[in-house]
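Analysis of the macromolecular model
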Amino acid sequence: NPDLQKRFIAEAKFLRALYYFNLVRFFGDVPLVTQLETIDDAMGPRVAKEQIYEQILSDLTDAESALPYPSEYGTTDIGRATKGAAKILAGKVYLTKGDYSKAKEKLAEVVMGMVYMWSMEIIGTWILKLVKRLSFILNIRRTHYLIMMK
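What you see is a predicted model, and the numbers here were worked out from it, not measured in a lab. (Residues numbered from 1 in each chain as written. Predicted model: local features only at pLDDT ≥ 70, side-chain atom pairs only at ≥ 80, totals over all residues. Heavy atoms only, no water.)

Side note on the side chain of Lys87
Within the element layout of this structure, Lys87 appears in helix 3 (residues 83-97). Under the relative-accessibility criterion, Lys87 is labelled buried at 11%. (Helix = DSSP H or I, 4+ residues; strand = E, 2+ residues; numbered from the N terminus. Buried < 20%, exposed > 50% of the residue type's maximum accessible area, 1.4 Å probe, protein only.)

Quick word on a nonpolar patch on the surface
A surface patch of nonpolar side chains, amounting to about 350 Å² of accessible area, comprises Leu23, Phe26 and Phe27. Within the fold, Phe26 resides in helix 1 (residues 2-27). Judged by relative accessible area, which is 63%, Phe26 ranks as exposed. (Patch = residues over 30% accessible without salt bridge, like charges linked within 9 Å, V, L, I, M, F, W, Y side chains within 5 Å. Areas by Shrake-Rupley, 256 points an atom, 1.4 Å probe, with all protein chains shown as cover. Salt bridge = Lys/Arg side-chain N within 4 Å of Asp/Glu carboxyl O.)

As for the packing of helix 1 against helix 2 (residues 49-66)
Axis separation between helix 1 and helix 2 bottoms out at 8 Å; the angle between their running directions is 150 degrees. It follows from the interaxial angle that helix 1 and helix 2 lie roughly antiparallel. The hand of the helix 1/helix 2 crossing is left-handed. In contact with Lys6, Ala10, Lys13, Phe14, Arg16, Ala17, Tyr20, Phe21, Val24 and Arg25 of helix 1, helix 2 contributes Lys49, Ile52, Tyr53, Gln55, Ile56, Asp59, Leu60, Asp62, Ala63 and Ala66. (Axes fitted to C-alpha atoms, helices over the stretch in contact; angles between N-to-C directions. Parallel < 35°, antiparallel > 145°, perpendicular 65-115°, else oblique. Left-handed = near helix turned anticlockwise from the far one by under 90°. Contact = heavy atoms within 4.5 Å.)

So, the packing of helix 2 against helix 3
Direction vectors running N to C along helix 2 and helix 3 enclose 160 degrees, while the axes themselves pass 8 Å from each other. Taken together, helix 2 and helix 3 sit at an angle that is classed as roughly antiparallel. As helix 2 packs across helix 3, the resulting crossing turns out to be left-handed. Across from Tyr53, Ile56, Leu57, Leu60, Ala63, Glu64 and Ser65 in helix 2, the residues of helix 3 making contact are Lys83, Ala86, Lys87, Leu89, Ala90, Val93, Tyr94, Thr96 and Lys97. For the contact of helix 2 with helix 3, the per-class residue count stands at 10 nonpolar, two polar and four charged. (Nonpolar A, V, L, I, M, F, W, Y, C, P; charged D, E, K, R; others polar.)

Okay, here's the thing in structure tokens:
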């Protein structure tokens, strides 16, 4: 199935971008492997981190164009890379590079996109549960404190 193959390639590019993003932040210049035909291909020289960031953003652009939105996945595909994940990671890469205008632009696509908007009902329910849990914890601590004071 060509559509499935296209999605798998996009997922692989997203994962490669994620892994290289972590590598370049931890180690700076690292070997860049984009094709692996023999084991010797994996033993290349270190590449400047600017070139690594270019590859990361290229992979994320490709991934973003081919990955679906979460609503387009079936229930068995929950947890897979999505278009929004690629945009968020690209925004984080731009932030790390200090390119704040591109980061703002890329992250705004996710925030303003209706696909990722939480309804107020969901937010309200989540906040209510959180407040109930916190008040329960605080009551336990308060009761424990009062018992200790007696």
